Amino acid sequence: MKFFADTAEIADIRDLADTGLLDGVTTNPSLIHKSGRNFLEVIREIAAIVDGPVSAEVVATHHADMMREAEVLKKLGDNICIKLPLTLDGLKTCKALTAQGIQTNVTLCFSANQALLAAKAGATYISPFVGRLDDMGQDGIELIDDIRTIYDNYDFKTQILVASVRHPIHVLQAAKIGADVATMPPAVIKALANHALTDKGLATFLSDWQKTGQSIL
Ligand code: G3P
């Protein structure tokens, strides 16, 4: 399973990239707003830090304008993945960009039928939002399960990029289903490494080691 960071914060991206565990980055207009940075500048910077795909989202709502925006965004780096909303215009744009060999991430997916359309449009990634479904009393992870079944039934190559991930349990459930990617806030990626018994065990090992009076170096 690949791990993407869902953020436009450069310091967090550098920090995670240094661990060697980061496979890509996703952004959206809200994250750009939160960063306070210039969209084009920050995407160019992220694309230079990370080897994997960096999703940059169009803000136009009509196909022709989306194509024009994609033209600008794709020049920001070789690893730019154009993020498009799951609308008919977004799907049409997805199909056209796919035909040009450009990576696409179809976002704001809340149903399995929407995911089916994105796959038919040739999307590289489909982004179902699990947390936002949970928030309204639906089961976000059940959607991931449905999409996995449908994509496997027809051997669609579109990768399931689980988005709106709020906690490590989402990651565990998505991994058990076989989702291809999880995009997560940096804090969730870091939280995956935490366990109280790891901390407690390490403290004991270190204190016992001190008592030996030895050193490795
Ligand atoms: O990038 C899309 C997605 O991950 C948004 O998450 O927490 O705003 O629902 P959230």
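Residues numbered from 1 in each chain as written. Predicted model: local features only at pLDDT ≥ 70, side-chain atom pairs only at ≥ 80, totals over all residues. Heavy atoms only, no water.

## Digging into the site of the ligand
Part 1 of the reasoning: Lining the immediate environment of the ligand, one finds Asp6, Asn28, Lys83, Phe129, Arg132, Ala163, Ser164 and Arg166.
Part 2 of the reasoning: Lys83 places a side-chain nitrogen or oxygen 3.3 Å from an oxygen atom of the ligand.
Part 3 of the reasoning: Judged by the proximity of its atoms to the pocket grid, the ligand belongs to the largest pocket.
Part 4 of the reasoning: Looking at the shell around the ligand, its residues break down into two nonpolar, two polar and four charged. (Near = heavy atom within 4 Å. Polar contact = N/O pair within 3.5 Å; in protein donor to acceptor, adjacent residues only side chain to side chain. 1 Å grid on protein atoms, 1.4 Å probe; cavity = no way out; pocket = protein on both sides within 12 Å on 5 of 7 lines; lining within 4 Å. Sits in = over half its atoms within 2 Å of the grid points. Nonpolar A, V, L, I, M, F, W, Y, C, P; charged D, E, K, R; others polar.)

## Regarding the state of the cysteines
Part 1 of the reasoning: A full pass over the atoms with the stated rule returns zero disulfides.
Part 2 of the reasoning: As a non-bridged cysteine, Cys94 has Cys81 as the owner of its nearest cysteine sulfur, 9.2 Å distant. (Disulfide = S-S within 2.5 Å.)

## A closer look at helix H8 (residues 140-154)
Part 1 of the reasoning: Taking 1.5 Å of rise per residue, 15 residues should cover 21 Å, and H8 covers 22 Å from first to last C-alpha, within 8% of that figure.
Part 2 of the reasoning: Turning to H8, its buried residues number three or more, namely Gly140, Ile141, Leu143, Ile144, Ile147, Arg148, Ile150 and Tyr151.
Part 3 of the reasoning: In this fold, the buried residues of H8 make contact with strand S5 (104-109), helix H6 (112-120), strand S6 (125-128), helix H7 (130-135), strand S7 (159-162) and helix H9 (168-177).
Part 4 of the reasoning: At the N-terminal boundary of H8, the capping side chain belongs to Asp139, with an oxygen 3.1 Å from the backbone nitrogen of Ile141.
Part 5 of the reasoning: After H8 finishes, the residue Asp155 shows a positive phi value of roughly 55°. (Helix = DSSP H or I, 4+ residues; strand = E, 2+ residues; numbered from the N terminus. Expected span 1.5 Å × (residues − 1). Buried < 20%, exposed > 50% of the residue type's maximum accessible area, 1.4 Å probe, protein only. Contact = heavy atoms within 4.5 Å.)

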